[in-house]
Amino acid sequence: MVVINGIKKTYKDDKIAVRNLSFALPKGECFGYLGINGVGKTTEIKMLTGDILPTQGIATLGGFDILTQQLKLRRLIGYCPQLDALIDLLSLREHLELFAKIKGTLSGGNKLKLSVAIAMIGSPTIIFLDEPPTGMDPVSYEFMGDIIADVSTANKESTVVLTTHSMEECEALCTRVGIMVGGRLRCLGSVQHLKSRFSDGFMIDSKLNVPSTEMVGNFYTTTIKTHCPEAADFESRLTRDQVKNYAIIWVNLIDSFGVQENQFTTYDSFLRNTFPNVELLERQNEHCRLKLHDDHQNQSLLLSNVFAKMEAIKHNVALKEYSVCQTSLEKNFNSFASQQDEEKGVPRGMEVKKYV
Ligand SMILES: Nc1ncnc2c1ncn2[C@@H]1O[C@H](COP(=O)(O)OP(=O)(O)OP(=O)(O)O)[C@@H](O)[C@H]1O
(Lines give C-alpha, C1' and ligand atoms only; values in the text may rest on other atoms or scores of the structure.)
Protein backbone atom coordinates (compact mmCIF):
# COMPACT_ATOMS: atom_id res chain seq x y z
CA MET A 1 0.00 0.00 0.00
CA VAL A 2 2.88 2.36 0.83
CA VAL A 3 6.17 1.84 -1.03
CA ILE A 4 9.06 4.19 -0.33
CA ASN A 5 12.26 3.83 -2.31
CA GLY A 6 15.36 5.88 -1.55
CA ILE A 7 13.51 9.01 -0.45
CA LYS A 8 15.73 11.90 0.59
CA LYS A 9 15.01 15.50 1.55
CA THR A 10 17.54 18.28 1.72
CA TYR A 11 16.24 21.69 2.77
CA LYS A 12 17.55 24.93 1.29
CA ASP A 13 20.13 25.41 4.01
CA ASP A 14 21.69 22.03 3.08
CA LYS A 15 20.02 20.44 6.02
CA ILE A 16 19.49 16.74 5.22
CA ALA A 17 16.24 15.96 7.03
CA VAL A 18 15.60 12.50 5.54
CA ARG A 19 18.32 10.25 4.17
CA ASN A 20 17.64 7.51 1.59
CA LEU A 21 14.62 6.00 3.28
CA SER A 22 13.18 2.77 1.87
CA PHE A 23 10.44 0.58 3.25
CA ALA A 24 6.97 -0.74 2.43
CA LEU A 25 3.74 -1.07 4.39
CA PRO A 26 0.90 -3.49 3.54
CA LYS A 27 -2.79 -2.79 3.97
CA GLY A 28 -4.04 -3.15 7.54
CA GLU A 29 -0.76 -2.15 9.08
CA CYS A 30 -0.51 0.44 11.85
CA PHE A 31 3.04 1.71 11.59
CA GLY A 32 4.56 3.74 14.42
CA TYR A 33 7.27 6.25 13.59
CA LEU A 34 9.42 6.94 16.63
CA GLY A 35 12.21 9.45 16.93
CA ILE A 36 13.26 12.43 19.00
CA ASN A 37 12.41 15.97 17.87
CA GLY A 38 13.93 16.94 14.55
CA VAL A 39 14.88 13.50 13.21
CA GLY A 40 12.72 13.92 10.11
CA LYS A 41 9.39 12.23 10.82
CA THR A 42 7.20 15.15 9.78
CA THR A 43 9.35 15.81 6.72
CA GLU A 44 8.84 12.21 5.64
CA ILE A 45 5.06 12.42 6.07
CA LYS A 46 4.94 15.78 4.28
CA MET A 47 6.72 14.25 1.27
CA LEU A 48 4.25 11.38 1.16
CA THR A 49 1.21 13.63 1.45
CA GLY A 50 2.55 15.98 -1.21
CA ASP A 51 3.09 19.02 1.05
CA ILE A 52 6.73 19.13 0.00
CA LEU A 53 8.73 17.50 -2.78
CA PRO A 54 11.49 14.97 -2.12
CA THR A 55 14.98 15.93 -3.28
CA GLN A 56 15.58 12.37 -4.45
CA GLY A 57 13.83 9.00 -4.54
CA ILE A 58 10.40 7.69 -5.41
CA ALA A 59 7.35 6.56 -3.48
CA THR A 60 3.90 5.26 -4.31
CA LEU A 61 0.76 5.25 -2.20
CA GLY A 62 -1.88 2.76 -3.27
CA GLY A 63 0.03 2.43 -6.54
CA PHE A 64 0.04 6.20 -7.30
CA ASP A 65 3.29 8.09 -7.67
CA ILE A 66 3.74 10.89 -5.11
CA LEU A 67 5.40 13.10 -7.73
CA THR A 68 3.18 12.69 -10.75
CA GLN A 69 -0.20 11.43 -9.50
CA GLN A 70 -0.89 13.69 -6.57
CA LEU A 71 -4.55 14.32 -7.46
CA LYS A 72 -5.46 10.64 -7.58
CA LEU A 73 -3.39 9.93 -4.56
CA ARG A 74 -5.04 12.58 -2.42
CA ARG A 75 -8.35 10.78 -2.67
CA LEU A 76 -6.77 7.83 -0.92
CA ILE A 77 -5.27 9.59 2.03
CA GLY A 78 -6.40 11.11 5.29
CA TYR A 79 -3.93 13.40 7.04
CA CYS A 80 -3.90 14.80 10.53
CA PRO A 81 -0.97 17.23 10.60
CA GLN A 82 1.01 17.95 13.74
CA LEU A 83 0.06 21.61 13.80
CA ASP A 84 -3.50 22.89 13.52
CA ALA A 85 -3.64 23.20 9.76
CA LEU A 86 -7.32 22.85 9.03
CA ILE A 87 -6.94 25.80 6.70
CA ASP A 88 -5.24 23.54 4.16
CA LEU A 89 -8.11 21.12 4.12
CA LEU A 90 -11.00 23.51 3.49
CA SER A 91 -11.97 25.96 0.78
CA LEU A 92 -11.90 29.64 1.71
CA ARG A 93 -15.69 29.76 2.15
CA GLU A 94 -15.77 26.55 4.22
CA HIS A 95 -12.89 27.81 6.27
CA LEU A 96 -14.59 31.13 7.03
CA GLU A 97 -17.93 29.48 7.79
CA LEU A 98 -16.41 26.87 10.05
CA PHE A 99 -14.21 29.26 11.98
CA ALA A 100 -17.01 31.79 12.29
CA LYS A 101 -18.93 29.03 14.09
CA ILE A 102 -16.18 27.50 16.15
CA LYS A 103 -13.91 30.45 16.90
CA GLY A 104 -13.30 30.57 20.61
CA THR A 105 -15.35 27.48 21.24
CA LEU A 106 -12.88 24.73 20.52
CA SER A 107 -10.00 24.01 22.88
CA GLY A 108 -6.64 22.81 21.51
CA GLY A 109 -7.50 19.19 22.32
CA ASN A 110 -10.92 19.46 20.65
CA LYS A 111 -9.36 21.01 17.53
CA LEU A 112 -7.06 18.02 17.47
CA LYS A 113 -9.99 15.61 17.74
CA LEU A 114 -11.60 17.45 14.84
CA SER A 115 -8.41 17.09 12.82
CA VAL A 116 -8.24 13.36 13.51
CA ALA A 117 -11.93 13.00 12.62
CA ILE A 118 -11.37 14.89 9.34
CA ALA A 119 -8.40 12.67 8.53
CA MET A 120 -10.68 9.64 8.96
CA ILE A 121 -13.62 10.95 6.91
CA GLY A 122 -14.53 8.76 3.95
CA SER A 123 -12.48 5.82 5.28
CA PRO A 124 -9.26 6.73 3.42
CA THR A 125 -7.02 3.85 2.43
CA ILE A 126 -3.93 5.47 3.92
CA ILE A 127 -4.07 7.65 7.03
CA PHE A 128 -1.19 9.82 8.24
CA LEU A 129 -1.39 10.97 11.84
CA ASP A 130 1.44 13.26 12.89
CA GLU A 131 1.61 13.08 16.70
CA PRO A 132 -2.15 13.09 17.17
CA PRO A 133 -2.52 12.58 20.91
CA THR A 134 -0.69 15.73 21.99
CA GLY A 135 -3.06 17.59 24.29
CA MET A 136 -5.88 15.08 24.11
CA ASP A 137 -7.63 14.07 27.35
CA PRO A 138 -7.18 10.38 28.37
CA VAL A 139 -10.75 9.37 27.48
CA SER A 140 -10.54 10.86 23.97
CA TYR A 141 -7.05 9.45 23.60
CA GLU A 142 -8.30 5.94 24.35
CA PHE A 143 -11.26 6.44 22.01
CA MET A 144 -8.93 7.58 19.23
CA GLY A 145 -6.70 4.53 19.87
CA ASP A 146 -9.72 2.23 19.49
CA ILE A 147 -10.67 3.87 16.19
CA ILE A 148 -7.13 3.61 14.82
CA ALA A 149 -6.98 -0.07 15.80
CA ASP A 150 -10.41 -0.68 14.24
CA VAL A 151 -9.60 0.78 10.84
CA SER A 152 -6.11 -0.69 10.62
CA THR A 153 -5.32 -3.93 12.38
CA ALA A 154 -8.86 -5.10 13.21
CA ASN A 155 -10.81 -4.44 10.00
CA LYS A 156 -7.82 -4.15 7.63
CA GLU A 157 -9.49 -1.20 5.91
CA SER A 158 -6.59 1.23 6.05
CA THR A 159 -2.86 1.55 6.48
CA VAL A 160 -2.06 3.97 9.30
CA VAL A 161 1.25 5.80 9.64
CA LEU A 162 1.53 7.33 13.07
CA THR A 163 4.37 9.52 14.31
CA THR A 164 4.56 9.63 18.05
CA HIS A 165 6.77 10.12 21.06
CA SER A 166 4.75 7.68 23.11
CA MET A 167 6.19 4.19 23.45
CA GLU A 168 3.00 3.10 25.20
CA GLU A 169 0.98 4.17 22.19
CA CYS A 170 3.31 2.24 19.89
CA GLU A 171 3.15 -0.85 22.05
CA ALA A 172 -0.64 -0.68 22.22
CA LEU A 173 -1.46 0.19 18.61
CA CYS A 174 1.30 -0.51 16.16
CA THR A 175 1.93 -3.72 14.28
CA ARG A 176 5.37 -2.46 13.34
CA VAL A 177 7.56 0.33 14.59
CA GLY A 178 10.43 2.21 12.98
CA ILE A 179 12.94 4.25 14.98
CA MET A 180 14.40 7.20 13.10
CA VAL A 181 17.76 8.73 13.99
CA GLY A 182 19.29 11.61 12.07
CA GLY A 183 16.95 11.24 9.09
CA ARG A 184 17.57 7.51 8.76
CA LEU A 185 15.44 4.58 9.81
CA ARG A 186 17.72 2.73 12.21
CA CYS A 187 15.42 -0.20 12.90
CA LEU A 188 12.08 -1.54 11.79
CA GLY A 189 10.04 -4.42 13.14
CA SER A 190 7.30 -5.48 15.52
CA VAL A 191 7.51 -4.15 19.07
CA GLN A 192 8.26 -7.68 20.29
CA HIS A 193 11.00 -8.11 17.67
CA LEU A 194 12.64 -4.80 18.62
CA LYS A 195 12.45 -5.71 22.28
CA SER A 196 14.00 -9.13 21.69
CA ARG A 197 16.65 -7.77 19.36
CA PHE A 198 17.72 -4.72 21.32
CA SER A 199 16.58 -5.48 24.84
CA ASP A 200 19.39 -5.29 27.34
CA GLY A 201 17.88 -7.84 29.69
CA PHE A 202 15.03 -8.61 32.04
CA MET A 203 13.63 -7.09 35.19
CA ILE A 204 12.72 -9.42 38.06
CA ASP A 205 10.34 -8.11 40.70
CA SER A 206 10.34 -10.43 43.68
CA LYS A 207 8.60 -10.67 47.01
CA LEU A 208 10.19 -12.87 49.67
CA ASN A 209 8.24 -14.53 52.47
CA VAL A 210 7.40 -12.39 55.50
CA PRO A 211 9.31 -14.05 58.37
CA SER A 212 6.99 -16.19 60.52
CA THR A 213 7.00 -16.02 64.35
CA GLU A 214 8.63 -19.43 64.37
CA MET A 215 11.45 -18.28 62.04
CA VAL A 216 12.03 -15.17 64.15
CA GLY A 217 12.16 -17.34 67.28
CA ASN A 218 14.62 -19.73 65.64
CA PHE A 219 16.82 -16.84 64.54
CA TYR A 220 16.90 -15.60 68.15
CA THR A 221 17.88 -19.00 69.48
CA THR A 222 20.37 -19.99 66.81
CA THR A 223 21.99 -16.69 65.94
CA ILE A 224 21.53 -14.09 68.66
CA LYS A 225 21.96 -16.47 71.60
CA THR A 226 24.95 -18.20 70.00
CA HIS A 227 26.87 -15.22 68.64
CA CYS A 228 25.80 -12.50 71.02
CA PRO A 229 25.06 -13.91 74.51
CA GLU A 230 24.98 -10.38 76.02
CA ALA A 231 22.09 -9.46 73.76
CA ALA A 232 20.37 -12.78 74.48
CA ASP A 233 20.53 -11.89 78.15
CA PHE A 234 18.86 -8.59 77.35
CA GLU A 235 15.34 -9.99 77.66
CA SER A 236 15.89 -11.40 81.12
CA ARG A 237 17.20 -8.03 82.30
CA LEU A 238 14.14 -6.10 81.16
CA THR A 239 11.67 -4.88 83.76
CA ARG A 240 8.01 -5.79 83.40
CA ASP A 241 7.25 -2.21 82.25
CA GLN A 242 10.03 -2.25 79.68
CA VAL A 243 8.71 -5.46 78.22
CA LYS A 244 5.24 -3.96 78.16
CA ASN A 245 6.55 -0.73 76.65
CA TYR A 246 8.07 -1.70 73.32
CA ALA A 247 11.50 -3.06 74.27
CA ILE A 248 10.50 -6.59 73.39
CA ILE A 249 9.09 -5.32 70.12
CA TRP A 250 12.52 -3.97 69.20
CA VAL A 251 14.12 -7.32 69.87
CA ASN A 252 11.56 -8.97 67.63
CA LEU A 253 12.13 -6.37 64.92
CA ILE A 254 15.87 -6.94 64.98
CA ASP A 255 15.33 -10.70 64.75
CA SER A 256 12.85 -10.26 61.95
CA PHE A 257 15.32 -8.03 60.09
CA GLY A 258 17.98 -10.70 60.56
CA VAL A 259 15.72 -13.37 59.05
CA GLN A 260 14.90 -11.12 56.09
CA GLU A 261 18.59 -10.42 55.51
CA ASN A 262 19.37 -14.13 55.52
CA GLN A 263 16.53 -14.84 53.10
CA PHE A 264 17.64 -12.11 50.75
CA THR A 265 21.32 -13.11 50.84
CA THR A 266 20.39 -16.70 49.95
CA TYR A 267 18.09 -15.54 47.12
CA ASP A 268 20.67 -13.08 45.80
CA SER A 269 23.44 -15.67 45.71
CA PHE A 270 21.17 -18.21 43.95
CA LEU A 271 20.43 -15.60 41.28
CA ARG A 272 24.09 -14.69 40.86
CA ASN A 273 25.05 -18.35 40.53
CA THR A 274 22.33 -18.87 37.93
CA PHE A 275 22.53 -15.74 35.76
CA PRO A 276 25.68 -14.11 34.39
CA ASN A 277 25.09 -10.46 35.26
CA VAL A 278 22.67 -9.56 38.06
CA GLU A 279 22.19 -6.04 39.42
CA LEU A 280 20.14 -5.15 42.47
CA LEU A 281 18.16 -2.02 41.57
CA GLU A 282 15.93 -1.58 44.57
CA ARG A 283 15.14 -3.27 47.84
CA GLN A 284 12.54 -2.56 50.50
CA ASN A 285 11.67 -5.06 53.26
CA GLU A 286 10.65 -8.28 51.52
CA HIS A 287 10.38 -6.64 48.06
CA CYS A 288 13.29 -6.37 45.66
CA ARG A 289 13.81 -5.49 42.00
CA LEU A 290 16.73 -6.91 40.09
CA LYS A 291 17.98 -6.55 36.56
CA LEU A 292 19.41 -9.43 34.56
CA HIS A 293 21.72 -7.78 32.04
CA ASP A 294 22.02 -9.36 28.63
CA ASP A 295 25.23 -8.75 26.72
CA HIS A 296 23.73 -10.67 23.76
CA GLN A 297 26.60 -13.13 23.94
CA ASN A 298 24.82 -15.47 26.29
CA GLN A 299 22.18 -17.31 24.32
CA SER A 300 20.55 -18.64 27.48
CA LEU A 301 18.99 -15.30 28.37
CA LEU A 302 15.64 -15.93 26.70
CA LEU A 303 12.40 -15.20 28.51
CA SER A 304 11.53 -18.91 28.56
CA ASN A 305 14.94 -19.79 30.02
CA VAL A 306 14.72 -17.09 32.65
CA PHE A 307 11.32 -18.44 33.76
CA ALA A 308 12.58 -22.03 33.77
CA LYS A 309 15.55 -21.08 35.94
CA MET A 310 13.43 -19.00 38.29
CA GLU A 311 11.04 -21.93 38.72
CA ALA A 312 14.02 -24.12 39.65
CA ILE A 313 15.41 -21.53 42.08
CA LYS A 314 12.12 -20.86 43.82
CA HIS A 315 12.12 -24.18 45.70
CA ASN A 316 15.43 -23.35 47.36
CA VAL A 317 14.70 -19.83 48.49
CA ALA A 318 11.97 -18.08 50.48
CA LEU A 319 10.35 -16.65 47.36
CA LYS A 320 6.66 -15.82 47.73
CA GLU A 321 6.06 -14.42 44.26
CA TYR A 322 7.98 -13.01 41.33
CA SER A 323 7.47 -11.54 37.89
CA VAL A 324 9.83 -11.32 34.94
CA CYS A 325 9.50 -8.71 32.22
CA GLN A 326 11.57 -7.51 29.32
CA THR A 327 13.06 -4.04 29.53
CA SER A 328 10.62 -1.56 28.00
CA LEU A 329 10.62 -0.26 24.43
CA GLU A 330 11.37 3.14 25.93
CA LYS A 331 14.75 1.87 27.09
CA ASN A 332 15.52 0.67 23.53
CA PHE A 333 14.35 3.97 22.10
CA ASN A 334 16.54 5.96 24.48
CA SER A 335 19.61 4.06 23.40
CA PHE A 336 18.83 4.88 19.75
CA ALA A 337 18.02 8.49 20.57
CA SER A 338 21.40 8.87 22.25
CA GLN A 339 23.02 8.13 18.88
CA GLN A 340 21.48 11.27 17.42
CA ASP A 341 24.61 13.35 18.10
CA GLU A 342 26.79 10.94 16.18
CA GLU A 343 24.42 11.32 13.26
CA LYS A 344 24.78 15.06 13.07
CA GLY A 345 27.85 14.94 10.83
CA VAL A 346 27.28 14.23 7.15
CA PRO A 347 27.78 10.49 6.63
CA ARG A 348 30.23 9.19 4.07
CA GLY A 349 28.79 9.24 0.57
CA MET A 350 26.00 11.64 1.56
CA GLU A 351 27.87 14.92 1.28
CA VAL A 352 25.98 17.89 -0.05
CA LYS A 353 28.17 19.76 -2.50
CA LYS A 354 27.78 23.45 -3.15
CA TYR A 355 28.39 24.65 -6.68
CA VAL A 356 28.96 28.35 -7.03
N1 LIG B 1 11.41 24.15 6.06
C2 LIG B 1 12.53 23.75 6.62
N3 LIG B 1 13.71 24.32 6.28
C4 LIG B 1 14.87 23.91 6.82
N5 LIG B 1 14.98 22.91 7.72
C6 LIG B 1 13.83 22.31 8.11
C7 LIG B 1 12.56 22.69 7.57
N8 LIG B 1 11.61 21.90 8.13
C9 LIG B 1 12.27 21.06 8.97
N10 LIG B 1 13.60 21.32 8.95
C11 LIG B 1 14.65 20.61 9.71
O12 LIG B 1 14.64 19.25 9.30
C13 LIG B 1 14.85 18.38 10.42
C14 LIG B 1 13.69 17.41 10.52
O15 LIG B 1 12.51 18.13 10.91
P16 LIG B 1 11.10 17.40 11.11
O17 LIG B 1 10.09 18.45 11.41
O18 LIG B 1 10.84 16.51 9.95
O19 LIG B 1 11.40 16.52 12.41
P20 LIG B 1 10.40 15.65 13.31
O21 LIG B 1 11.07 14.34 13.51
O22 LIG B 1 9.04 15.61 12.73
O23 LIG B 1 10.41 16.47 14.68
P24 LIG B 1 9.21 16.64 15.78
O25 LIG B 1 9.15 15.36 16.56
O26 LIG B 1 9.73 17.77 16.60
O27 LIG B 1 7.97 16.95 15.06
C28 LIG B 1 14.99 19.30 11.63
O29 LIG B 1 16.36 19.48 11.88
C30 LIG B 1 14.34 20.59 11.21
O31 LIG B 1 14.93 21.69 11.84
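Before going into details, it helps to say that this report is about the structure given with it. These figures come from a predicted structure and were not determined experimentally.

### Regarding the state of the cysteines
Applying the stated criterion across every chain yields a total of 0 disulfides. For the unlinked cysteine Cys170, the closest cysteine sulfur is that of Cys174, found at 4.2 Å. A relative accessible area of 0% places Cys170 in the buried class.

### Looking at a negative patch on the surface
Residues Glu142, Asp146, Asp150 and Glu157 make up a contiguous surface patch of negative charge. Note on placement: Glu142 falls in helix H5 (residues 138-154). Overall, Glu142 belongs to the exposed group, its relative accessible area being 55%.

### Notes on the sheet that holds strand E3 (residues 30-34)
The strand order E6-E7-E8-E3-E9-E10 describes an open sheet built from 6 strands, whose pairing is mixed. Strand pairing shows two members of the sheet lacking a second neighbour, strand E6 (77-80) and strand E10 (184-189), which therefore form its edges. Looking at each pair of strands side by side, their axes are set apart by 15° on average, direction ignored. The pairing of E6 with strand E7 (residues 126-130) spans 4 bridges and is classified as parallel. Of the residues in E7, the one forming a bridge with Tyr79 is Phe128. On top of the sheet, H5 reaches E3, E7 and strand E8 (159-164); it is set at about 135° to E8, its chief contact.

### With respect to a nonpolar patch on the surface
A grouping of Leu53, Ile58 and Leu67 is seen on the molecular surface, where their side chains present a nonpolar patch of about 290 Å² in accessible area. Considering the arrangement of structural elements, one finds Leu67 in the loop between strand E5 (64-65) and helix H2 (70-74). What makes Leu67 partly exposed here is its relative accessible area of 40%.

The rules behind the values
- Residues numbered from 1 in each chain as written.
- Predicted model: local features only at pLDDT ≥ 70, side-chain atom pairs only at ≥ 80, totals over all residues.
- Heavy atoms only, no water.
- Disulfide = S-S within 2.5 Å.
- Buried < 20%, exposed > 50% of the residue type's maximum accessible area, 1.4 Å probe, protein only.
- Patch = residues over 30% accessible without salt bridge, like charges linked within 9 Å, V, L, I, M, F, W, Y side chains within 5 Å.
- Areas by Shrake-Rupley, 256 points an atom, 1.4 Å probe, with all protein chains shown as cover.
- Salt bridge = Lys/Arg side-chain N within 4 Å of Asp/Glu carboxyl O.
- Lys, Arg positive; Asp, Glu negative; His and termini not counted.
- Charge placed at Lys NZ, Arg CZ, Asp CG, Glu CD.
- Helix = DSSP H or I, 4+ residues; strand = E, 2+ residues; numbered from the N terminus.
- Pairing = 2+ DSSP bridges.
- Axes fitted to C-alpha atoms, helices over the stretch in contact; angles between N-to-C directions.
- Contact = heavy atoms within 4.5 Å.

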